[in-house]
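Chain by chain, the residues:
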Amino acid sequence: MVETSATRKPAGASQAYISESRRFLRVMFSRWLVVFGMVIIILLILVAIFAPWISPYDPYKVNLPESMQQPSWNHLFGTDEMGRDVLTRIIYGSRIAVLVGFVVVTLAGAVGMLLGLLAGYFGGWTETIIMRFMDALMSLPPLILMLAIAVMLGAGMSKVFIALAVGFMPTYCRLMCGEVLSTKENDYIMAANVLGSSHLRIMFRHLVPNVFPPLFVNVTLDLGFAILAEASLSFLGIGINPPTATWGAMINGGQHYLLTNPLLSIIPGMAIILVVLAFNLVGDGLRDALDPRLRGRI
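It should be emphasised that the depicted structure is a prediction, and the values quoted were computed from it without experimental measurement. (Residues numbered from 1 in each chain as written. Predicted model: local features only at pLDDT ≥ 70, side-chain atom pairs only at ≥ 80, totals over all residues. Heavy atoms only, no water.)

(A) Inspection of the packing of helix α6 (residues 142-153) against helix α7 (residues 157-183) at higher detail. Contact pair α6 / α7: the axes reach a minimum separation of 8 Å and the direction vectors enclose 150°. By the angle between their directions, the pair α6 and α7 is classed as roughly antiparallel. Where α6 crosses over α7, the handedness of that crossing is right-handed. Side by side, α6 and α7 meet where Leu 145, Met 146, Ile 149, Ala 150 and Leu 153 of the first sit next to Lys 159, Ile 162, Ala 163, Leu 164, Val 166, Gly 167 and Phe 168 of the second. (Axes fitted to C-alpha atoms, helices over the stretch in contact; angles between N-to-C directions. Helix = DSSP H or I, 4+ residues; strand = E, 2+ residues; numbered from the N terminus. Parallel < 35°, antiparallel > 145°, perpendicular 65-115°, else oblique. Left-handed = near helix turned anticlockwise from the far one by under 90°. Contact = heavy atoms within 4.5 Å.)

This is the structure:
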C-alpha cells in the first residue's frame, strides 16, 4: 500500500501534540518555585480529602479543662480557648479553603465568561449593557463589594459563595470580552459564518477553545485570592457560621490572646499565606507555559 500525505498527517499531528506537551511541561516545571507551589496544592487537596482520617481530635468538641494549652506532643500547635486542638482545626479548615476556592472560582468564571462571550460576540447594545454593569461592579474595591453583598445576604456558606463569586465575576467578563473581540475577526471565524454555522457553534466550538488559555491562568490565581477573601470575611465575623473551622475565624478568635498564645492566630495566618503563595506560583508557571511569546526562550 502506497503511503500518502493523508495517511501521514495523523502521525505528524500526533508528533506535534507530543512535542507541544513536552514543551509545556518543560516550561511549566523549569523553576523549582513552581514545583514547590504544586506540591503545596497537592498536599492541601490530600489533607482536605483525608481530614477525618488524619486529624487527631474532633475539631468541634469543647474541652474546657484543656483550654489554652501550649504546644506539646499531645497538641502540636496547642489548644484554643475552648480546648479544641488547633492542628485538627487547621486540617478541617483546609476543607473549607478548598471548597471555597473551587466553588467560587467555578461560579464566577462560568457566569463571567458567559456574559463576556455574549458581549464580545454580539457587540452593540448587548455589549454596552453587560459591560456597563461590570464597570459598576468594578467601581468598588472587590473586598468592599464582597463585604456589602455578604452583609445583605447574611452569614452562611452558600451566601458567602454568592458574595465572593459576584466580586470575582467582572474580571472574567472583561477578560473574555476582550479576547473574543480580538479573536472573532480571524479568518476561520469569518469562514464559519460564511458556511452558515450557528452562533452557538461558533461561540463554543471555535471561540471558547481559542480564548480560554489566558483565562485559565486567571482561574489559578483567583483560587488563592478566593481563599484569602473568604478568610477576610470570616475574620470580620460575616463569613461561614461558627463553629465551622475556617482559617479566618481562627485568626479572629486568636487575636484576643496574641500576648499569651500568639500561635492561635499565627498558625492559621501562615496556612493562608502558604496556600495563596502556592496558587500564585503555579499561576505564574502556567502563564509562562501558555504564553507563545516565551516559546524557545525559557
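That shown, we press on.
(B) Structural view of the environment of Gly 120. Turning to its location among the elements, Gly 120 is positioned in helix α4 (residues 86-122). Here the alpha-carbon distance between Gly 120 and Arg 205, two residues 85 residues apart in the chain, equals 15 Å. If near-sequence neighbours (up to four positions away) are discounted, Gly 120 is found in contact with Cys 177, Val 180, Leu 181 and Lys 184.

(C) View of unusual backbone geometry. Cis geometry marks the peptide bond from Pro 242 to Pro 243, where omega comes out at 10°. Positioned with a positive phi, Met 68 is a non-glycine residue whose angle comes to about 55°. Along the chain, Met 68 turns up in the loop between α3 (51-54) and α4.

(D) Highlighting the packing of aromatic side chains. Across all of its chains, the model carries 4 aromatic pairs by this definition. Consider the rings of Tyr 60 and Tyr 92, whose centres lie 6.4 Å apart with planes at 65°: the pair is edge-to-face. Remark: Tyr 92 occurs in helix α4 and Tyr 60 occurs in the loop between α3 and α4; sequence separation between them is 32 residues. On the basis of relative accessibility, which here comes to 37%, the residue Tyr 60 falls in the partly exposed class. (Phe/Tyr/Trp six-rings, centres within 6.5 Å; stacked < 30°, edge-to-face > 60°. Buried < 20%, exposed > 50% of the residue type's maximum accessible area, 1.4 Å probe, protein only.)

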